[in-house]
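# Fold and geometry: a report
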Amino acid sequence: MVFLEAEMSWNVLISPSQLDRKGLLLRKAIIVRLMEDVTNRKASKEHGYYIAVNQLKAISEGKVRELTGDVLFPVSFTCITLKPMKGEIMVGYVDRILKHGIFLKSGPVESIFLAEKSMSDYKYIAGENPVFMNDHSKLEKGTAVRFKVLGFRWMEADREFQLLATIACDFLGPL
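Residues numbered from 1 in each chain as written. Predicted model: local features only at pLDDT ≥ 70, side-chain atom pairs only at ≥ 80, totals over all residues. Heavy atoms only, no water.

### As for the nonpolar core
Of all hydrophobic cores here, the largest spans 24 residues; its most connected members are Ile102, Leu104, Leu114, Met119, Leu139, Phe147 and Ile167. Looking at this core element by element, the count peaks at four residues for strand 12 (residues 144-155). Domain assignment of the residues forming this core places at least three in each of domain 1 (3-82) and domain 2 (88-174). Membership of the second largest hydrophobic core comes to 17 residues, among which are Ala6, Met8, Ile14 and Val75. (Core = buried A, V, L, I, M, F, W, Y, C linked by side-chain atoms within 4.5 Å. Buried < 20%, exposed > 50% of the residue type's maximum accessible area, 1.4 Å probe, protein only. Helix = DSSP H or I, 4+ residues; strand = E, 2+ residues; numbered from the N terminus. Domains from an automatic or database assignment.)

Structure follows, in structure tokens:
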């Protein structure tokens, strides 16, 4: 996956209990809340998976919400993100094995499908712990696999990407 640095602007909501006359504690509360918000938001279609807040660029003047007393601070910052790209070579670990293919995980991406059709020389072997085997190797739960990304799509409801992968190229497959 490609690491990117994205410049973003978000609104950070601070409760009245976190407000302090000393600006340093307020700044700390804004940074902590921003990091929580980035973690909870997980990813976006445009930027990919949020990895870390890199730099806080500016905190604008806060606006008080009348009903709750919370203060809304517009902030701008840079964030390190991770976004999958078509054609990229990645390494993942076998998570689940089904008759029609394998689901892999790689870093923050938890839904990578490797279809049986893209593993032409592997055969599915059913059982309590199903595997895909060929003459030289086997793919079982926990196996590290080098694969190529054929395509991906953004799932808004889950706030994550789903990837379609293959091992039908040179130097791809179990490690």
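Right, picking up where we left off after that structure.
### Observations concerning the sheet that holds strand 9 (residues 123-125)
An order of 9-10-11 is seen for the three strands of this open sheet, with the pairing classed as antiparallel. If you trace the sheet from one side to the other, it starts and ends with strand 9 and strand 11 (138-139), each paired once. Pairing of strand 10 (residues 131-133) with strand 11 involves two bridges; the strand directions are antiparallel. Directly across from phenylalanine 132, in strand 11, lies its bridge partner leucine 139. (Pairing = 2+ DSSP bridges.)

### Comments concerning the pairing of strand 3 (residues 48-59)
Pairing between strand 2 (residues 43-44) and strand 3: two bridges, direction antiparallel. From the neighbouring strand, alanine 43 faces strand 3, where its bridge partner is tyrosine 49. Turn length for the strand 2-strand 3 hairpin, with the two strands adjacent in sequence and antiparallel, is three residues. Of the strand pairs in this sheet, strand 3 and strand 5 (residues 71-83) are connected by eight bridges, and their pairing is antiparallel.

### Focus on a nonpolar patch on the surface
Residues Val2, Leu4 and Met85 make up a contiguous nonpolar surface patch of roughly 190 Å² in combined accessible area. Position of methionine 85 relative to the elements: it lies in the loop between strand 5 and strand 6 (89-98). On the accessibility criterion, methionine 85 (32% relative accessible area) is partly exposed. (Patch = residues over 30% accessible without salt bridge, like charges linked within 9 Å, V, L, I, M, F, W, Y side chains within 5 Å. Areas by Shrake-Rupley, 256 points an atom, 1.4 Å probe, with all protein chains shown as cover. Salt bridge = Lys/Arg side-chain N within 4 Å of Asp/Glu carboxyl O.)

Remember that the coordinates give geometry; whether it matters functionally is a separate question.
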